[in-house]
Amino acid sequence: MPDLDPSTNFTDANGYEYVETADWWKKACETLPCFSLIRWPDYSTKVIEDVIDGNPVVIQLWIGWCQKFMGIDEFPGGIGAEVGIYRRIEGKVPGPIDEALPAAFAHRFLVPAERLFHNKLWWAYPELNAEIEFELINPETGETFFKAGPERTYWLNRWMNPESYQRYKAAQDGDVPWFSVNYLMKYKINGKEYEWV
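Every chain's residues receive numbers from 1 upward, in the order its sequence appears when written. Two thresholds apply to this predicted model, a pLDDT of at least 70 for residue-level local features and 80 or more for giving and counting side-chain atom pairs, whereas whole-chain, interface and lining totals are computed over all residues. Just so you know, side-chain values use all the structure's heavy atoms and leave hydrogens and water out.

J.: Any details on the overall build of the protein chain? Residues and values, ideally.
T.: Only DSSP runs of H or I with at least four residues qualify as helices, and only runs of E with at least two residues qualify as strands; both kinds are numbered from the N terminus onward. What the protein chain contains, in helices and strands, is 3 helices and 12 strands. In this scheme, a residue with accessible area under 20% of its type's maximum is buried, one over 50% is exposed, and one in between is partly exposed, where area comes from a 1.4 Å probe on protein chains only. Looking at the protein chain as a whole, 45% of its 197 residues are labelled buried. Of all intrachain contacts in the protein chain linking residues separated by at least 6 positions in sequence, the fraction that spans at least 24 positions is 65%. Residue contacts are defined here by distance: any two heavy atoms, one from each residue, within 4.5 Å place the two residues in contact.

J.: For the environment of Val 51, give the residues involved together with the corresponding values.
T.: Mapped onto the secondary structure, Val 51 falls in strand β4 (residues 43-52). Here Val 51 falls in the partly exposed class, since its relative accessible area comes to 46%. Not counting chain neighbours up to four residues away, the residues in contact with Val 51 comprise Pro 56, Val 57 and Lys 192.

J.: Describe the pattern of salt bridges, naming the residues involved and giving the relevant values.
T.: By salt bridge we mean one thing: a side-chain nitrogen of Lys or Arg within 4 Å of a carboxyl oxygen of Asp or Glu. Across all of its chains, the model carries 7 salt bridges by this definition. Residue Lys 26 pairs with Glu 151 through a salt bridge whose shortest N-O separation is 2.9 Å. Note that Lys 26 is positioned in helix α1 (residues 23-29) and Glu 151 in strand β9 (residues 144-152), a separation of 125 residues in sequence. You can call Glu 151 partly exposed: its relative accessible area is 23%.

J.: Tell me about the state of the cysteines, and name the residues and values.
T.: For the purposes of this analysis, a disulfide is any pair of cysteine sulfur atoms at a distance within 2.5 Å. What the rule picks out here adds up to 0 disulfides. For the unlinked cysteine Cys 34, the closest cysteine sulfur is that of Cys 29, found at 9.3 Å.

J.: Kindly report on the packing of aromatic side chains, identifying the contributing residues and their values.
T.: Here a Phe, Tyr or Trp ring, Trp counted by its six-membered ring, pairs with any other such ring whose centre lies within 6.5 Å, and the pair is stacked when the planes are under 30 degrees apart, edge-to-face when over 60, and tilted otherwise. Overall, the coordinates contain 16 aromatic pairs when judged by the stated rule. The interplanar angle of 5° and the centroid separation of 4.8 Å between the aromatic rings of Tyr 187 and Tyr 194 together place this pair among those described as stacked. Overall, the relative accessible area of 2% leaves Tyr 187 in the buried class. Members of the aromatic cluster, each reached through a chain of ring pairs, are Phe 10, Tyr 16, Tyr 18, Phe 134, Phe 145, Phe 146, Tyr 165, Tyr 168 and Tyr 183.

J.: Residue-level account of the sheet that holds β9, with values.
T.: If DSSP finds at least two bridges between two strands, the strands pair. The antiparallel open sheet is built from 4 strands, whose spatial order is β9-β8-β11-β12. Of all the strands in the sheet, just β9 and β12 (192-196) have a single pairing partner and so form its edges. Going from strand to strand, the sheet's axes swing by 15° on average, the running direction of each strand aside. For every element, the axis is a line fit to its C-alpha atoms; helices are fit only across the contacting stretch, and the angle between N-to-C directions ranges from 0 to 180 degrees.

J.: Just give me the short version of unusual backbone geometry, but keep the residues and values in it.
T.: Cis geometry is adopted by the peptide bond preceding Pro 150, which originates at Gly 149 and carries an omega value of 5°. For Pro 150, the location among the structural elements is in strand β9. The backbone of Asp 173 shows a phi angle near 55°, a positive value even though the residue is not glycine. By secondary structure assignment, the location of Asp 173 is in the loop between α3 (162-171) and β11 (184-189).

Bear in mind that shape data such as this cannot, by itself, settle questions of function.
Right, dumping it as structure tokens:
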């Protein structure tokens, strides 16, 4: 029987635990549109229009504290970040939802999306086969908080579990930003370097 957990877990050399979105979940989410309103307090987003390898793209970033969807422990979330590569598709509107996605999850995204004009939506771009990596930097110390990637995907994400984050804060003697959105992000897409500071 296939593993239907929407996240994968791992532990680094320091014993900190992380979670990422499982590959099957990324594939199931390809049918969902993305838009700038997907954010909440202490989990901010930034949208960048760019061209990668001659292709116009929408890069959407998230950083901060991502609560687990619907309060379900198996869902991804924690303190971390995401880098998504999307594209605009003229005239495309939300359509059939992948049956692997829970109906409540899909509804949470599609109801707000349907209220937006089509030019304010963008769509997953897995065909670009982009290589993505990112590094989060603690602005209080200037040191690396953690890294993710490189990985060939349209959506790279990683979050430190809240329990591990409490241990990380203690190890830093409390020298961490008051809000998780204040971490700094450096990221690369196909070798092109960017910063969100």
